[in-house]
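Summary of structural features
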Amino acid sequence: MSLLPYLTAGWIFLVGVHGMATSRNLVHAVGCLAVTQSSTYVLLLAVGYRKGATAPVFSDLPTGAPVVDPVVQALALTDVVVGATVTALLLALVVQTAKRHGTVDPDELSELKG
C-alpha cells in the first residue's frame, strides 16, 4: 500500500482550505471549496484501489480474480454529483448576493453582520 495518494489528498485539502481562508471574493471561495471537495475523490479512490485488480465486471473474469471495490467507485461518483450540485447552488447564491448588495467581497457585506 502506497502512502502517496493519501498525502496527495491531504495536500489538495490543505490547498483548498487555505484558499477559502484567504479568499476576498465569494466566487473564489466557492472554487476553493470545490478544490477541497476534490480531495475526497482522491481519498475514496485510494481506499478502493487494489494492485493488479480489474474492473468489477464479473461476466468474463475467472472465479477468484481480484477486482476493485465497486462500492467505493459508486461513492466517488456520488461525491462528484453532490459536489457539482453544491457548487452550482453556492454560485447561484453568490449571483443573488452580487445583485442585492453589488459586491462579492465578504468584507463589504456589512448588512449581513449580526
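A brief report on the enclosed structure follows.

The rules behind the values
Residues numbered from 1 in each chain as written. Predicted model: local features only at pLDDT ≥ 70, side-chain atom pairs only at ≥ 80, totals over all residues. Heavy atoms only, no water. Helix = DSSP H or I, 4+ residues; strand = E, 2+ residues; numbered from the N terminus. Rg over C-alpha atoms; globule rule 2.2 N^0.38 Å. Axes fitted to C-alpha atoms, helices over the stretch in contact; angles between N-to-C directions. Parallel < 35°, antiparallel > 145°, perpendicular 65-115°, else oblique. Left-handed = near helix turned anticlockwise from the far one by under 90°. Contact = heavy atoms within 4.5 Å. Nonpolar A, V, L, I, M, F, W, Y, C, P; charged D, E, K, R; others polar. Patch = residues over 30% accessible without salt bridge, like charges linked within 9 Å, V, L, I, M, F, W, Y side chains within 5 Å. Areas by Shrake-Rupley, 256 points an atom, 1.4 Å probe, with all protein chains shown as cover. Salt bridge = Lys/Arg side-chain N within 4 Å of Asp/Glu carboxyl O.

**Points about the overall build of the protein**
- Scanning the protein for helices and strands turns up three helices and zero strands.
- Scanning the protein from its N terminus toward the C terminus, one meets helices and strands in the order α-α-α.
- Expected size for 114 residues packed as a compact globule is a radius of gyration near 13 Å; at 20 Å, the protein overshoots this value by more than 25%.
- Overall, the protein is about 65 × 30 × 20 Å in size when its C-alpha atoms are taken along their principal axes.

**Observations concerning the packing of helix α1 (residues 4-22) against helix α2 (residues 26-48)**
- Taken N-terminus to C-terminus, the directions of α1 and α2 make an angle of 170°; their axes are 8 Å apart at the nearest point. Classified by the angle between their axes, α1 and α2 sit roughly antiparallel to one another. In this structure, the crossing between α1 and α2 has a hand that is left-handed. Between α1 and α2, the contacting residues are Pro 5, Tyr 6, Ala 9, Ile 12, Phe 13, Gly 16, Val 17, Gly 19 and Met 20 on the first element and His 28, Ala 29, Cys 32, Leu 33, Val 35, Thr 36, Ser 38, Ser 39, Val 42, Leu 43, Ala 46 and Val 47 on the second.
- Among the residues making up the contact of α1 with α2, the classes are represented as 15 nonpolar, six polar and no charged.

**Concerning the packing of α2 against helix α3 (residues 70-101)**
- α3 packs onto α2 with a crossing angle of 175° between their chain directions and a minimal axis gap of 10 Å. Viewed along their axes, α2 and α3 adopt a mutual orientation that is roughly antiparallel. Contacts from Leu 26, Val 27, Val 30, Leu 33, Ala 34, Gln 37, Thr 40, Tyr 41, Leu 44, Leu 45 and Gly 48 in α2 reach Val 72, Leu 75, Ala 76, Asp 79, Val 80, Val 82, Gly 83, Thr 87, Leu 90, Leu 91, Val 94 and Thr 97 in α3.
- Partitioning the contact of α2 with α3 into residue classes produces 16 nonpolar, six polar and one charged.

**A word on a nonpolar patch on the surface**
- Together, Phe 13, Leu 14, Val 17, Met 20, Leu 33, Val 82 and Val 86 make up a nonpolar patch on the protein surface, roughly 530 Å² of accessible area in all.
- Only α1 and α3 provide two or more residues apiece to the nonpolar patch.
- Per element, the largest residue contribution to the nonpolar patch is four residues, and it comes from α1.
- On the secondary structure map, Met 20 appears in helix α1.

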